[in-house]
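A closer look at the structure
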Amino acid sequence: IARDLHDTLAHSMMAMLSEVRLLRKLQAHDPASLPDELARAEAVAHDGLNEARTAIAQMRLNAVRDTGLGPALAKAFDRFIDRTGLIGEFASDNEAARFGDERAETLFRMAEEALRNIERHAMASRVTVSLSIKNETDLCLQIDDDGIGFDTGLSRPGHYGLVGLREQAQLIDAELHIRSAPNEGATLSVALRIAPEVL
């Protein structure tokens, strides 16, 4: 629940806090620009509310188990592209797309968090997501962006996105690798060993 709250409500509240801080500065230094920024603040609040409602609906309706990880991810990725206007590509092989147990739900949440991080921090223009089976036993999820990148070894107090991703990977015994560097984009890859009969 803490991870889900971070992934939705915490992000939305942080965006609203940034808007409020900006409005205070504008009130003191540039009051004429307040109406435009108030409209933007309203849009940010509206987006946050929609995101919270979507998260609640996903907790109630289990799209991953109903349709499989591939279709659920494809739909989430389409929403992400529509919302951000970025160039994107999603690919999934048939076997990986059918995977739909509780571990698939965790992979889905990890992908959502990675996409949120890209939207808010990466300043990317292109994002690709792929889901595949390697060596007949490993389900692999990979998310790439061409954004500004970051130092993976740098601690960020108060930011729990990467911590949450690592915790979720541990929960399902998956291997998580995050490769990035300043001005070099980022790649997140998750490998999960599964029995062939699960597919």
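Anyway, here's the lowdown on the structure attached to this text. As the structure is a computational prediction, the values presented were derived from the model and not from experiment. (Residues numbered from 1 in each chain as written. Predicted model: local features only at pLDDT ≥ 70, side-chain atom pairs only at ≥ 80, totals over all residues. Heavy atoms only, no water.)

Here we come to the overall build of the protein chain. Tallying secondary structure elements over the protein chain gives seven helices and five strands in all. The order of α-helices and β-strands along the protein chain, N terminus first, is α-α-α-α-β-α-α-β-β-α-β-β. For the protein chain, buried positions account for 42% of its 199 residues. In the protein chain, once contacts between residues fewer than 6 apart in sequence are set aside, the share between residues at least 24 apart is 69%. (Helix = DSSP H or I, 4+ residues; strand = E, 2+ residues; numbered from the N terminus. Buried < 20%, exposed > 50% of the residue type's maximum accessible area, 1.4 Å probe, protein only. Contact = heavy atoms within 4.5 Å.)

Sheets are built from strands that pair by backbone hydrogen bonding, the pairs being arranged parallel or antiparallel. On the basis of which strands lie adjacent, the open sheet formed by five strands has the order β1-β2-β3-β5-β4 and mixed pairing. Of all strands in the sheet, those bounded by a partner on one side alone are β1 (87-92) and β4 (175-180). Sheet twist, expressed as the average angle between the axes of neighbouring strands with direction ignored, equals 10 degrees. Judged from the six bridges that link them, β4 and strand β5 (residues 186-193) form a sheet pairing that is antiparallel. Each bridged residue has a counterpart across the sheet, and for S180 the counterpart in β5 is A186. The sheet contacts of helix α4 (residues 69-84) involve β1, β2 (126-134) and β3 (138-145), and relative to β1 the element is tilted by about 180 degrees. Contacts between helix α6 (residues 102-122) and the sheet are confined to β2, β3, β4 and β5, with β3 contributing the most and set at about 10 degrees to the helix. (Pairing = 2+ DSSP bridges. Axes fitted to C-alpha atoms, helices over the stretch in contact; angles between N-to-C directions.)

Here we take up unusual backbone geometry. Backbone geometry places M123, a non-glycine residue, at a positive phi of 55 degrees. Residue placement: M123 occurs in the loop between α6 and β2. Phi angles above zero are rare outside glycine, and N183 is one such case at about 65 degrees. Here N183 shows up in the loop between β4 and β5.

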